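So you can see what is in the structure, the chains are spelled out below.
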Amino acid sequence: MSEGLLSVAALARWCYRHRLVVLLIWVGAVFGLGFAGSAAGTDYANTFSLPNTDSTRAYDLMEKAFPQSAGDTDTVVWKVDEGSVRDESVRSRIEPKLAEIGKMAGVGEVTSPYAADGTGAAQISENGRIAYAQITFTEQANGVPKKTVEDVVDTAQSAERDGLQVELGGQAITRTQEPPTGIAEMVGILAAAVVLFLAFGSLFAMLLPLVVAIAALGSGLMATSLLSHVTDVPEVAPLLGSLIGLGVGIDYALFIVTRHRRGILRGMKPEEAAVTALNTSGRAVLFAGGTVCIALAGMLVMNMRFLDGVVIATSLTVVLSVLAATTLLPALLGMLGMRVLSRRQRRKLAATGPEPAEASGLAARWSSYVERRPRSTAAMALLAMLILALPVLSIRLGATDQGNHQESTTTRQAYDLLAEGFGPGFNGPLQVVVAEGDANALVSTIRTTEGVAQAAALPPSQGITVIQVVPTTSPQSEQTDQLIDRLRDEVIPASGAEAHVGGVTAIFKDFAAVTGDRLPYFVAAIISLGFLLLLVAFRSLVVPLTAALMNLIAAAASFGVLVAIFQWGWGTELLGIGKEGPITAFLPVIMLSLLFGLSMDYQVFLVSRMHEEWVHTKDNARAVRVGLAETSRVINCAALIMICVFSAFVLSGDMEGAMAGIGLAAAVALDAFILRTALVPAAMHLLGNSNWWLPAGLEKRLPHLAVEPKEEAPETGEPAGSAGGASVVHGFVRDAEGAPVEGAAVSLLTKGGRQLDRVTSLADGSYILSVPAPGAYLLSATEPSYGSRARQVTVEDGPLVYDVELTETSETSEDEMDTVN
């Protein structure tokens, strides 16, 4: 373990001293990957099929018998307020535009309802007021040039006039509605910049986490685009990579920069402060990044090809974020030197010297409040989380489509027009693929089945017949799911035919079913891995059990918020994210991975400081109080940044991205502001010393892994609290009435009067002093309103708990011996 500490410290020092080399390596890597990624382009592929499902068998048969053209098929829909779409006044406006579109480069075929042979008659609604044409491009949606799609939209909509509405739908058309690439990331970065500037008060300190996160994110996205050429990476993967990469990249750098600045403010030279920050918070970042990657890798338990690419993109971005925080950041700290502090802080440091080591202010007061009222704090926090979790009981998994887009978009208008003219199920037809048996008899049976609007068989090919089935209900309706089950369980078996139900709606239904079946195994896997990591790191059974329970509570509450907004529709239009619908089937897996990883981050940063204090003092109440006081501010700041970054993905133009962003923003807010700053410390106060209990037999068998190295005591170089070495004196400074005295100067001196350590009492009157070795010392406490008091104390082989009472008549001549074994 000591070798590991030395290696982290050595790496940090090397990067600090060779900062120009490190910076050039990173600049070369980012621009090199950017050039390679731009030259190679992307080859993202959405592979939603699942082995051994009915929809996949249907898809495989269709692909074999009816090889699809490579192109994407989109739709032009038009409606007249009066008359019929067959009227010459309408036809003369629409037909020339369809012909013009058909001649455009990149357009393969246009299927018009006005075809001379009458084959397009089915493309006109029964009342004659709505019609549609299909446009087949020569490429898939993501391969069609955006300019081509925009020309198609402009040409089609130029046919509009009063009483004639023209709208377009389809995957390629959706691209014209997407906001400019990177707008969500830019808004998130700007919001994070504001939070960082308010937290640091320094422009240079604010820029550090942003530069580190952007370097990691840029290289991660470019590497992901290159990997898309060698493995299946879904289109949503880079969006999720941006989501997690930007959040953890800024947060990891924030933790290290905060520790670095604290070191300088407490009197360390910039280089030593940087090395110490990397050797403490930097190690916590390494541990936290590892836990995030493990949580993400838990998605592999689901055995879904679609998720493999998501794991690659998100894990790669997290790894690069950790690498940037531990190499690029110390190099940048070396370039800034003292300028990492604001001018005001530098002037104050020069004028008054180092600041006291103990935390103070609102964080310390809140920590003291939680210590005094752990039961009420825990009860209120738990009640709030349970109320927010209630909506999760009605969660329904499925798929979003263009019917969920905002009402103002042309894709949503086209979707609604098709539903109005041809029935709600027209936007999500089912394909019953018949491999053996009488297809005609099956068609007749399906037509009479409850929930079917129409059914028609396509001409067979290679012995395979496809029956197009249009449900009476929309693709997202529960009745459509019931129709799929009815066809599979009753209609097809009764016909004696070998047939399978496919289509996009059936695929997503199967995806949701498989997700629901495998989700418990996935949750068990990532909780177990997280438990083992925390068990080894903190040498405790209760801490990892508490963390696992809190993660489950956070997950339930965040999904409750997600259901209320996206499934129940509470505020969807207000947020500009369209119409309510089911929760995307794959989202729970991705969100749980990210949530468990991020929750583990906060748990590590909070409990590592508590554990450090516990090792020093063996006082659970003090360990929890000091750990919360010293980490809650930076955790809350980090959470606020993540909330800004995640919420900005509402602007991504992608429903899945908006769901993930809102869900994770809610999860981080609840986790940081309720769980980690209230429920976790309150529970640890109630549990007392049992927090740190570990059976002796297990202690001997577990490998040793410390998240942070023990701090060295003054003048000894030995870890504080080590056997036969340093220890501490700690307690409270109070007045004669028992009220805490804040701001008292408490000093530890040798018998000869040499000062060994000096601190200022916190809002609750608490203090802690480092003792270099067992022996007799002088303990002095001074406060202008009360005078001063000195005591002789003897520290033997453990921490000494000593409370100091100050009164207005305090004198320094008193002498008293206190001994603790």
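Please read these numbers as outputs of a predicted model, since none were measured by experiment.

With that settled, consider the packing of helix α4 (residues 88–102) against helix α5 (residues 146–157). A packed helix pair is summarised by two numbers, namely the angle formed by the two axes and the spacing between the axes. Two elements in contact, α4 and α5, have axes separated by 9 Å at closest approach and are oriented at 165°. In terms of axis orientation, α4 runs roughly antiparallel to α5. The chirality of how α4 crosses α5 is right-handed. Where α4 abuts α5, its residues Lys97, Glu100 and Ile101 lie against Val152, Thr155 and Ala156. Here the contact of α4 with α5 is built from residues that sort into three nonpolar, one polar and two charged.

Right, let's get into the packing of helix α7 (residues 183–200) against helix α9 (residues 236–265). Across the interface, α7 lies against α9 with an axial gap of 11 Å and an inter-helix angle of 15°. The orientation of α7 relative to α9 falls into the category roughly parallel. Note on packing geometry: the crossing formed by α7 with α9 is right-handed. For the pair formed by α7 and α9, the contact residues are Glu185, Ile189, Ala192, Leu196 and Phe200 on the first element and Ser242, Leu246, Ile250, Leu254, Val257, Thr258 and Arg261 on the second. Residue composition of the contact of α7 with α9, grouped by class: eight nonpolar, two polar and two charged.

As a further point, take the pairing of strand β4 (residues 164–169). Most of β4 sits inside the fold, with five of its six residues counted as buried. Direction of pairing for strand β1 (residues 73–80) relative to β4: antiparallel, over a ladder of six bridges. Each bridged residue has a counterpart across the sheet, and for Val80 the counterpart in β4 is Leu164.

If you trace the four strands from one edge of the open sheet to the other, you get β7-β8-β6-β9, paired in antiparallel fashion. Strands at the two margins of the open sheet, each flanked by one partner only, are β7 (452–457) and β9 (498–502). Ignoring strand direction, the axes of neighbouring strands in this sheet form an average angle of 20°. Seen against the sheet, helix α16 (residues 439–447) touches β6 (430–436), β7, β8 (465–471) and β9 and runs at an angle of roughly 170° to β7.

What follows is about the pattern of salt bridges. Under the criterion given, the structure shown has 13 salt bridges. With a closest N to O distance of 2.9 Å, Arg488 and Asp54 form a salt bridge. Here Arg488, found in helix α17 (residues 478–495), pairs with Asp54, found in helix α3 (residues 54–65); they are 434 residues apart in sequence, far enough to count as distant. Asp54 matches Arg488 in its accessibility class, with the two residues each being buried. In this structure, Asp485 and Lys509 form a salt bridge, with 2.9 Å as the shortest nitrogen-oxygen distance. Residue Asp485 is found in helix α17, and its partner Lys509 is found in helix α18 (residues 504–538); the two are separated by 24 residues along the sequence. Relative accessible area serves as the criterion here: at 18%, Lys509 is assigned to the buried category. Ionic contacts of the salt-bridge type, sharing partners, join the residues Arg13, Arg17, Glu271 and Glu272 into one network.

What follows deals with the nonpolar core. By size, the foremost hydrophobic cluster in this structure holds 159 residues, and its most contacted members are Ile250, Met299, Leu307, Phe566, Tyr602, Ile641 and Phe646. Sort the elements by how many residues they give to this core and helix α23 (residues 655–687) lands first, with 19 residues. Not counting the four nearest positions on each side in its chain, Tyr602 is found in contact with Asp251, Phe255, Ile635, Ala638, Ala639, Met642, Val668, Asp671, Ala672 and Arg676. Of all hydrophobic cores here, the second largest spans 27 residues; its members include Val76, Met104, Ala133 and Val149.

With the exception of glycine, the majority of residues adopt a negative phi angle, and the majority of peptide bonds are in the trans configuration. Look at Gln462: it is not a glycine, yet its phi comes out positive at around 55°. Structurally, the position occupied by Gln462 is in the loop between β7 and β8.

Now for the sheet that holds strand β3 (residues 130–137). Within the open sheet, the four strands sit side by side as β2-β3-β1-β4. Their pairing is antiparallel. Of all strands in the sheet, those bounded by a partner on one side alone are β2 (107–111) and β4. Here the average twist between neighbouring strands, direction ignored, is 20°. Pairing of β2 with β3, which is carried by four bridges, proceeds in the antiparallel orientation.

Along strand β12 (residues 745–749), five of the five residues are buried, which leaves the element largely enclosed by surrounding structure. Bridge count between β12 and strand β13 (residues 755–760): five bridges; the pairing is antiparallel. Its bridge partner lying in β13, Ser747 is registered against Arg758. As judged from the five bridges shared by β12 and strand β15 (residues 775–783), these two strands associate in the antiparallel manner. Looking across to β15, one finds that Ala745 is bridged to Thr782.

Further remarks concern helix α22 (residues 620–647). The largest bend in α22 is about 40°, located at Thr631. Counted residue by residue, α22 has 22 buried out of 28 residues, so it is predominantly covered.

Bringing the packing of aromatic side chains into the picture now. A complete count under the given rule lists seven aromatic pairs for this structure. On the basis of an interplanar angle of 20° and a centroid distance of 5.7 Å, the ring pair of Trp614 and Trp692 is categorised as stacked. Here the residue Trp614 occupies a position in helix α21 (residues 587–617), and Trp692 occupies one in the loop between α23 and α24 (696–701), the gap between them amounting to 78 residues. Just as Trp614 is buried, Trp692 falls in that class too.

The next point concerns the environment of Met550. Along the chain, the position of Met550 falls in helix α19 (residues 542–567). A residue is classified by how much of its surface remains accessible, and Met550, at 5% relative accessible area, is buried. Along the sequence, Met550 and Thr760 sit 210 residues apart, while their C-alpha atoms lie 34 Å from each other. Excluding its chain neighbours within four sequence positions, the residues that come into contact with Met550 are Leu675, Arg676, Leu679 and Val680.

Definitions and cut-offs
Residues numbered from 1 in each chain as written. Predicted model: local features only at pLDDT ≥ 70, side-chain atom pairs only at ≥ 80, totals over all residues. Heavy atoms only, no water. Axes fitted to C-alpha atoms, helices over the stretch in contact; angles between N-to-C directions. Helix = DSSP H or I, 4+ residues; strand = E, 2+ residues; numbered from the N terminus. Parallel < 35°, antiparallel > 145°, perpendicular 65-115°, else oblique. Left-handed = near helix turned anticlockwise from the far one by under 90°. Contact = heavy atoms within 4.5 Å. Nonpolar A, V, L, I, M, F, W, Y, C, P; charged D, E, K, R; others polar. Buried < 20%, exposed > 50% of the residue type's maximum accessible area, 1.4 Å probe, protein only. Pairing = 2+ DSSP bridges. Salt bridge = Lys/Arg side-chain N within 4 Å of Asp/Glu carboxyl O. Core = buried A, V, L, I, M, F, W, Y, C linked by side-chain atoms within 4.5 Å. Bend = angle between axes of the 7 residues up to and from the residue. Phe/Tyr/Trp six-rings, centres within 6.5 Å; stacked < 30°, edge-to-face > 60°.

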